[in-house]
Structures are given as structure tokens and as C-alpha cells.
Amino acid sequence: MKDIELPRKVLVGENALYEADELVFELGLRGKPLILCDDNTRGIAGDIVSQQLDCEAEVTETSSEKEIKDYASQVTEENRGYVVGVGGGRVIDTGKLVAFESKTPFISVPTSASHDGIASPQVSIKQEKPLSLRVHCPLGVLGDTKIIGKAPEKLLSAGCADAISNFTAVLDWELAHQKRGEYFGDYAAALSRLSAEIVIQKAEKISGDVSILVEALISSGVAIGIAGSSRPCSGAEHMFSHTLDLICEKPALHGHQCGVGSILTACLHNADWLKIKNALENCGAPTCAGELGIADETVIEALVRAHDIRNRHTILGDGLTEDEAWGVARKTGVVE
Ligand SMILES: [Zn+2]
């Protein structure tokens, strides 16, 4: 049985934030919301959403299991009707999980376009063993392109790189289908690839018009909703990034790490890794360890250990040897 979940209403455009009350009305949401933001996103967008929905925003600084459970226990049918997450990946994921735990609808209000979690039914929690959870996808998405466009350049290039990495995620998904008989969805795969392709084609225009990128990331989330798993947008390149998060004292941005991972795994797939590398360059995203600010040896360690981070069949198979890892990383110029 297929279990497809999609957002019901997505508003993307300049000043979309000022439509928050309208969105809530159209979705038939009632009661007081729990609005979550962080110290930074409160001033950027949280206060406007607060005003629109006539309710104070709460500042959340972690996404620990305990904090999420505390928030979830606050949300009952009597006191809170729905949850709103205003911020980047961490706040959105926290809100999504709080809403899921408390069985209430979630509205996603991204303040940057740095990852594909904006509209997906997926949550990743950074902890010792990173956790990837399937939850509900947001009922509504409010993407204010004026605000997202003002986010730091590196967040935009990280979003581009996360979308571009869909290419290798789909290759890994196909491989798992061929080798392990895993379910493969042509439609979800095509939609995921399309998001990557559009970002590649429009790379140079994105800093002037972020709506292309926001739509690509929302479409990636929709592909995940259609597939019923993160498969269309998360393969070995994501496992490489999660491993870097684990072993680096100062990891780089998620999308940037996935982009570099994608160059490596494309090469392992014998696919066109240069196309990925050039596309990343055009977006202003890193293409090697040095640009990530991570030592060559650490990148190799992550590549060797990545297959172990989750039980997902990819081109990494049962793992690369150190020699194999140096080989592919040197060939693609990811290390010196
Ligand atoms: Zn990602």
C-alpha cells in the first residue's frame, strides 16, 4: 500500500509572512498556536508571525529529545491548536516533531533555503547516532522570498547543493532497487531529479530570485512525501555528511557537505561527477575538503565510515577501504 503525504497549502512569494493569518484561516486551524523560533529568527520573521497570529513566539535553542517532549506535552487540544516553526533546519525539525508527537498540524515558515526539510515529512536530529525520523509533512508552508533572499549567501549555496545532491541519491535508490529489490518510485525519482536539474540550469540566477530554489526544495520534500521515505533525496552523500557531523569538531553546512559527498559518490557510480562539481561551483558551493574547512584526512575517514551510519544500501556497499577512499577523493579533486 502506498502512503503519500503532501502539504495542503504552500504560499511562496514576497511578503508571504503577512498572509500567515489568511493561511491559518484557509486551513481551518483553530486555537492558539505554539510558535517556535530561535534568537536569530525571532527578529527576522518570528515577531511578524507572532503579530499576525496574535500569540507570543517561544525561543528554542536545542532540539534535544527532552525539549521536544516538553513542548509536545504543552500542546493539548485545549490550549494549542497547531505548531508553527519559524527558522532554519533545526527549528523547523523541532516544530515538525513537536507537532507529530502532539498530533497537531504543523506550519513551516523557513527563513532560509538551505535544506529540503522545508516541506518534507522527515526530521533529522543531530545526536551521537544521528536520527532520521518519518513524521507528518507540514500542512502549510509559508516561504517569504524577501526574507529568504536576505539570508546569508552561504545558506543559499547550501540549499542549492542539497538539491543538486538529489542526483546521486536517486542513483543510490536505483541501485538498492536493482540489488536489494527495494521499492523504487519512478515519479518520486523523476521529481527529485527535476529539482536538481532546475537548480543546475538556473544556478547563476538564484541569488537574484530565490523562488526557484525554494520551489526546488519544496518539490524535493514533495518527492519524499510521494516516496514515503527520504530515498529520492538522501543517499550515500547524505550518509557522508551525517558522518562528518559526527566526527568533525566544526562540521560545515549540511548542504555543502552533501554536495561534496555527491561529487564523490557520482564518481563511484561512474556517473558525470564533473557536471555536479561544475554546478556546485556555479552556485558558489564548496567542491573540496579545503573549501569545506575540513582536513583531507577527516573527509577520508568520513567516506570510509559513512556506510555504517545507517542501514541503507548505497554505492558504498559494505564500505570503502582507505585506499579506495583516497583514490576517488584524489581523482575528483576533493582532496589534494
Ligand atoms: Zn539534505
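Residues numbered from 1 in each chain as written. Predicted model: local features only at pLDDT ≥ 70, side-chain atom pairs only at ≥ 80, totals over all residues.

Participant: Please explain the overall build of the chain as it appears in this structure.
Facilitator: The number of helices and strands found in the chain is 15 helices and 8 strands. Taken along the three principal axes of its C-alpha coordinates, the chain extends 60 × 40 × 40 Å. Taking all 336 residues of the chain together, 56% fall into the buried category. Long-range contacts, defined as pairs at least 24 residues apart, comprise 75% of the intrachain contacts of the chain with a sequence gap of at least 6. (Helix = DSSP H or I, 4+ residues; strand = E, 2+ residues; numbered from the N terminus. Buried ≥ 20, exposed ≤ 12 C-beta atoms within 10 Å, placed from the backbone. Contact = placed C-beta atoms within 7 Å.)

Participant: Help me out: how do you make sense of unusual backbone geometry in this one?
Facilitator: Glycine aside, residues mostly have negative phi angles, and peptide bonds mostly take the trans form. Although it is not a glycine, Asp54 adopts a positive phi angle of roughly 55 degrees. Of the residues examined, Asp54 has 9 C-beta atoms within 10 Å and is grouped as exposed. Look at Lys103: it is not a glycine, yet its phi comes out positive at around 55 degrees. Of note, Lys103 is situated in the loop between helix H4 (89-101) and strand E5 (106-110).

Participant: Sorry if this is basic, but what is going on with the domain arrangement of the chain here?
Facilitator: Note on interface size: it is often stated as the accessible area lost on association of the parts. Split by domain assignment, the chain resolves into domain 1 (9-149) and domain 2 (153-331). For domain 1 versus domain 2, the distance between C-alpha centres works out to 25 Å. Of the residues contributing to the side of domain 1 that touches domain 2, the split by class is 10 nonpolar, 10 polar and 2 charged. (Domains from an automatic or database assignment. Nonpolar A, V, L, I, M, F, W, Y, C, P; charged D, E, K, R; others polar.)

Participant: It is not clear to me how helix H9 (residues 211-227) should be interpreted in this structure. Could you clarify?
Facilitator: One turn of the α-helix equals 3.6 residues, which is why residues spaced by three or four share an orientation. Look at H9: 24 Å from first C-alpha to last across 17 residues, which is about the 24 Å you get at 1.5 Å a residue. The positive-phi residue at the C-terminal boundary of H9 is Gly228, with phi of around 80 degrees. (Expected span 1.5 Å × (residues − 1).)

Participant: When you look at the packing of helix H11 (residues 254-268) against helix H15 (residues 322-331) in this model, what are you seeing that I'm missing?
Facilitator: What describes two packed helices is the angle between their axes and the distance between those same axes. Contact geometry for H11 and H15: axes closest at 9 Å, N-to-C directions at 105 degrees. Taken together, the axis directions place H11 and H15 in an arrangement best described as roughly perpendicular. Note on element contacts: H15 touches H11 through Val328, Ala329 and Lys331, opposite Leu264, Cys267 and Leu268. Of the residues in the contact of H11 with H15, the class split is 5 nonpolar, no polar and 1 charged. (Axes fitted to C-alpha atoms, helices over the stretch in contact; angles between N-to-C directions. Parallel < 35°, antiparallel > 145°, perpendicular 65-115°, else oblique.)

Participant: Please clarify how helix H8 (residues 186-201) should be interpreted in this entry.
Facilitator: Its 16 residues place the ends of H8 22 Å apart at the C-alpha level, agreeing with the 22 Å of an ideal helix rising 1.5 Å per residue. Buried residues of H8: Ala188, Ala189, Leu191, Ser192, Ser195, Ala196, Val199 and Ile200, and no others. Tucked inside the fold, the buried residues of H8 contact helix H6 (153-164), helix H7 (166-180), H9 and helix H12 (273-283).

Participant: Looking at this structure, I do not really get the pairing of strand E8 (residues 140-144). What am I missing?
Facilitator: Side-chain positions along a regular strand alternate between the two faces of the sheet. For E8, a buried count of 5 out of 5 residues is recorded, marking the element as mostly surrounded by other parts of the structure. Along E8, one buried face is formed by Gly140, Leu142 and Asp144 and the opposite face, lined by Val141 and Gly143, is buried too. Pairing of strand E1 (residues 9-13) with E8 involves 5 bridges; the strand directions are parallel. Within the sheet, the bridge partner assigned to Gly13 lies in E8 and is Asp144. (Pairing = 2+ DSSP bridges.)

Participant: Help me out: how do you make sense of the nonpolar core in this one?
Facilitator: Looking at soluble globular proteins, one finds that nonpolar side chains tend to be buried together. Residues Val49, Val86, Cys160, Ile164, Leu213, Leu264 and Leu303 are the most contacted members of the largest nonpolar core, which totals 110 residues. The element best represented in this core is H9, accounting for 10 residues. Here this core spans two domains, and each of domain 1 (9-149) and domain 2 (153-331) adds at least three residues to it. Dropping the residues within four chain positions of it, Ile164 is found in contact with Ala196, Val199, Ile200, Gly259, Ser262, Ile276, Ala279 and Leu280. (Core = buried A, V, L, I, M, F, W, Y, C linked by C-beta atoms within 7 Å.)

Participant: It is not clear to me how the environment of Ile263 should be interpreted in this structure. Could you clarify?
Facilitator: When you line up the elements, Ile263 lands in helix H11. When the 27 C-beta atoms within 10 Å are taken as the criterion, Ile263 is described as buried. Other than its neighbours up to four places away in sequence, Ile263 contacts Trp273, Ile276, Lys277, Thr287, Thr332 and Val334.

Participant: Just to check I follow, could you spell out the sheet that holds E5 for this structure?
Facilitator: Strands in a sheet are paired, the pairing made by backbone hydrogen bonds, and the direction either parallel or antiparallel. The 6 strands lie next to each other as E1-E8-E5-E4-E2-E3, forming an open sheet whose pairing is parallel. The sheet terminates laterally at E1 and strand E3 (57-59), the two strands that pair on one side only. Adjacent strand axes in the sheet meet at a mean angle of 15 degrees when their direction is disregarded. Sheet analysis places strand E2 (residues 33-37) next to E3, joined by 3 bridges and oriented parallel.

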